[in-house]
Amino acid sequence: MRKRALRITSGLGGVFAILALTPSVGFAQDYVPTAQDYLNNIWVFIAGVLVFFMQAGFALVEAGLTRAKNVVNIFAKNIADATVGILAFFATGFAFAFGESGGWFIGTDNFFLDGLDLAAIPEGGLSPATTFFFQAVFAATAVTIASGAMAERTKFSSYLIFSVVMCAFIYPVVVHWTWGGGLIADIQIGDAIFSDFAGSGIVHMTGGIAAFMGALFLGPRLGKYDKDGNMRAIPGHNIPFAILGVFILWVGWFGFNPGSELLADEFVSTIAVNTMLAAAAGALLTTITIWIKAGKPDVAMIGNGALAGLVAITGPCGAVTPLMSVVIGAIGGVIVVFSVLFFDKVRIDDPVGAISVHGVVGAWGVLSIGLFATYDDAFLGREDAGLFYGGGFEQLAVQALMVLIILVWVGATTAALFAGIKATVGLRVSEEEEMQGLDVLEHGLTGYAPDTVT
Amino acid sequence: MKLVTAVIKPFKLDDVKDALKAIGVAGITVEEVRGFGRQGGHTETYRGAEYKIDFVPKVSLGIVVADETVDAVVDTIVSAAATGKIGDGKIWVTDVDRLVRIRTGEEGTEAI
């Protein structure tokens, strides 16, 4: 049996506790870290590097599934997420998420990492530097999810505003409410407290909801629907890009989920196994579903299916068996197909399927913990919490409440943000610019220029 | 001098090139083109939505030849490019008023 509750302060949920214990600047560091402590920090750092590399995956998926005339703009937005997003998280995001003096709503200190002894490694835990590095690359992931859904029609300057506010405020509040020990972490129904190990809800659903609001406020791309309102396919210009991007994200996820163990221990590899299995099951079930629905095994959709399996297992990866990881990933792979077709039908134009992959399947990942949890993932604090393991409906209820709270918070704040941008600087490019492509008019160059100069 | 323009199926390009070289053709210019004829287009699916490809990818060859070799070149292309199925393409021949080899300044059939 696993004794994971013993080290609850080491789990993501315990980051807040670790920071609270971290000596402030100038305080002599009494504790001499052991080799294990250094190993923990090095592993989480390397996992963070893998998560950062997911930016390349997102950029390629989005570029591949959109048109050649907008490829520069896609990459520009992804660079923006990795630059202004991380700087915004450094300035205020980390403080709002994990600030020491935080109440239930928001943290209020350690802005610009001020007041933290960055190098101090506490016993069995992570230094503030390791924690910030790992959290910052997660924030960059959360914000870049929306980029794909808003592709091919968003003003670059307006996207920058969204990226900053998302990383500086909206996402950090979600983190504070959960891993930071705020609102959602305080909810208890019977023995059940929330669990979202690596962030199916906290990271992916948050990004997915922002993606939905972005697509909603923008409206569909020109030509997506004909005069009679029938949907038209706008094929992506580079399927090899898209699938290479899927594989890069898949690799990155081996940092995202196993890294969220926040320790170099025996569970890192079990989480990696669950992650691998869910991705494979997601891709397979999407293949079968789209083959039946559309008559062809459409590889652009299958790429979404692998990602759906990964998003689904992100939350439950520490609490479920390998077999149930297959089930969770497989269900994610089915959901994503119907979700993509649904949003097309209701005229929410999401060129890359981000709303479905991250938003809808992210919610499924959070809920699946209430059904399938059997191990204590250091959040649950107990074994067999899931409905199918005799845990009753309590865990499912807490998970559903968590989904609802994140939905309301991110939905309301991003709606207000996009409405504000739309009313002031404008959210969408001109019709002429959209037809010509954003590359030349927004950024002054094309992605695939002919070689006219020696 | 004549310009022979042949629009053929892309996967027949190598066969046609080899056959033309075998009868002494010294140069071919190739373009990737799209179009439709009797073959029409075909249907593809993307993310659950079907869409029609009206313009099918083809390869267009341009060959400038002396008047007396036109028929041999056309016949060679026809036999090398034919599959017997719809969409094999077309060949047409037009007059060429002037031909210059840029490197040497040679003109006319000397430049072929």
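Residues numbered from 1 in each chain as written. Chains lettered and ligands numbered in written order. Predicted model: local features only at pLDDT ≥ 70, side-chain atom pairs only at ≥ 80, totals over all residues.

### With respect to the overall build of chain B
- Helices and strands together make up the secondary structure of chain B, namely two helices and six strands.
- The linear arrangement of helices and strands in chain B, starting from the amino end, is β-α-β-β-β-β-α-β.
- By the compact-globule yardstick of 13 Å for 112 residues, chain B is too spread out, its C-alpha radius of gyration being 17 Å.
- Each principal axis of the C-alpha distribution contributes one length, and for chain B these read about 55 × 30 × 20 Å.
- Out of the 112 residues in chain B, the part that is buried amounts to 17%.
- Pairs at least 24 residues apart make up 68% of the contacts formed inside chain B by residues separated by at least 6 positions. (Helix = DSSP H or I, 4+ residues; strand = E, 2+ residues; numbered from the N terminus. Rg over C-alpha atoms; globule rule 2.2 N^0.38 Å. Buried ≥ 20, exposed ≤ 12 C-beta atoms within 10 Å, placed from the backbone. Contact = placed C-beta atoms within 7 Å.)

### Side note on the overall build of chain A
- On a plain count of helices and strands, chain A comes out with 14 helices and zero strands.
- Listing the helices and strands of chain A from first to last along the sequence gives α-α-α-α-α-α-α-α-α-α-α-α-α-α.
- For 454 residues, the compact-globule formula gives about 22 Å, and the C-alpha radius of gyration of chain A, at 21 Å, lands near that figure.
- Looking at chain A alone, contacts between residues at least 24 apart form 78% of all its contacts between residues at least 6 apart.

### Section: the interface of chain A and chain B
- Counting from both sides, the interface comprises 14 residues of chain A and, opposite them, six residues of chain B.
- For the side of chain A that touches chain B, the leading source of residues is helix H8 (residues 267-294) of chain A, giving three residues.
- Residue composition of the side of chain A that touches chain B, grouped by class: nine nonpolar, one polar and four charged. (Nonpolar A, V, L, I, M, F, W, Y, C, P; charged D, E, K, R; others polar.)

### Regarding the packing of helix H9 (residues 299-314) of chain A against helix H10 (residues 322-345) of chain A
All names here are of chain A.
- Viewed as axis vectors pointing N to C, H9 and H10 meet at an angle of 130 degrees, and their least axial separation amounts to 8 Å. If you check the angle between H9 and H10, you find them oblique. For the element pair H9 and H10, the recorded crossing hand is right-handed. Between H9 and H10, the residues in contact are Met 301, Asn 304, Gly 305, Ala 308, Gly 309, Val 311, Ala 312 and Ile 313 and Ser 325, Ile 328, Gly 329, Gly 332, Gly 333, Ile 335, Val 336, Val 337 and Val 340, respectively.
- By residue class, the composition of the contact of H9 with H10 is 10 nonpolar, seven polar and no charged. (Axes fitted to C-alpha atoms, helices over the stretch in contact; angles between N-to-C directions. Parallel < 35°, antiparallel > 145°, perpendicular 65-115°, else oblique. Left-handed = near helix turned anticlockwise from the far one by under 90°.)

### Some points on the pairing of strand S1 (residues 2-8) of chain B
All names here are of chain B.
- As paired elements, S1 and strand S5 (residues 56-65) share seven bridges and run antiparallel to each other. When the bridges of S5 are listed, Ile 8 appears paired with Val 59.
- Of the strand pairs in this sheet, S1 and strand S6 (residues 89-95) are connected by seven bridges, and their pairing is antiparallel. Within S6, the residue paired with Ala 6 across the bridge is Ile 91. (Pairing = 2+ DSSP bridges.)

### Focus on the packing of helix H2 (residues 35-64) of chain A against helix H3 (residues 71-98) of chain A
Residues and elements named next belong to chain A.
- For the pair H2 and H3, the least separation of the axes is 9 Å and the interaxial angle reads 155 degrees. Comparing the axis directions of H2 and H3 gives the class roughly antiparallel. In this structure, the crossing between H2 and H3 has a hand that is right-handed. Contacts between H2 and H3 involve Gln 55, Phe 58, Ala 59, Glu 62 and Ala 63 from the former and Val 71, Ile 74, Phe 75, Asn 78, Asp 81 and Ala 82 from the latter.
- Partitioning the contact of H2 with H3 into residue classes produces seven nonpolar, two polar and two charged.

### As for unusual backbone geometry
- For A:Leu262, which is not glycine, the phi torsion reads 60 degrees and is therefore positive.
- Inspection of the secondary structure assignment puts A:Leu262 in the loop between helix H7 (239-259) and H8.
- Residues other than glycine seldom take positive phi values, yet B:Arg47 does so here, at roughly 50 degrees.
- Structurally, the position occupied by B:Arg47 is in the loop between strand S3 (42-46) and strand S4 (49-53).

### Looking at helix H11 (residues 354-372) of chain A
- For H11(A), spanning 19 residues, the distance from its first C-alpha to its last is 25 Å, which sits close to the expected 27 Å at 1.5 Å a residue.
- The buried fraction of H11(A) amounts to 19 of the 19 residues, a majority that puts the element mostly inside the structure. (Expected span 1.5 Å × (residues − 1).)

### Details of the sheet that holds strand S2 (residues 29-35) of chain B
All names here are of chain B.
- Overall, antiparallel pairing links the four strands, which are arranged S2-S5-S1-S6 in an open sheet. Because the sheet does not close on itself, it has two edges, and the strands there are S2 and S6. Mean inter-strand twist for the sheet, computed between neighbouring axes without regard to direction, equals 20 degrees.
- Against the sheet, helix H2 (residues 70-81) engages S1, S5 and S6, with an angle of about 5 degrees to S1.

### Some words on the environment of A:Trp291
Residues and elements named next belong to chain A.
- Along the chain, Trp 291 falls in helix H8.
- Between the alpha carbons of Trp 291 and Val 334 there is a distance of 12 Å; along the sequence they are 43 residues apart.
- With near-sequence residues (within four places) excluded, Trp 291 lies in contact with Lys 296 and Pro 297.

### Some points on the pairing of S5(B)
- As judged from the seven bridges shared by S2(B) and S5(B), these two strands associate in the antiparallel manner. Looking at S5(B), one finds that B:Thr29 is bridged to B:Gly62.

### Looking at the environment of A:Thr275
Residue and element names in this part refer to chain A.
- Mapped onto the fold, Thr 275 is located in helix H8.
- As a C-alpha pair, Thr 275 and Thr 314 span 39 residues in sequence and 7.4 Å in three-dimensional space.
- Among all residues touching Thr 275, those that are not within four sequence positions of it are Trp 253, Phe 254, Asn 257, Pro 258, Leu 310, Ile 313 and Cys 317.

### Regarding the confidence of the model for chain B
- Mean pLDDT over chain B works out to 94, with 100% of the residues at or above the 70 mark.
- As a predicted assembly, this complex carries a pTM of 0.89 together with an ipTM value of 0.74. (pLDDT = per-residue confidence, 0-100.)

### Focus on the environment of B:Lys12
All names here are of chain B.
- Tracing the backbone shows Lys 12 in the loop between S1 and helix H1 (13-22).
- The class for Lys 12 is buried, based on 20 C-beta atoms found within 10 Å.
- In this structure, the C-alpha to C-alpha distance between Lys 12 and Ala 82, residues 70 residues apart in sequence, is 8.4 Å.
- Ignoring any residue separated from it by four or fewer positions in sequence, one finds Lys 12 in contact with Ala 80 and Ala 81.

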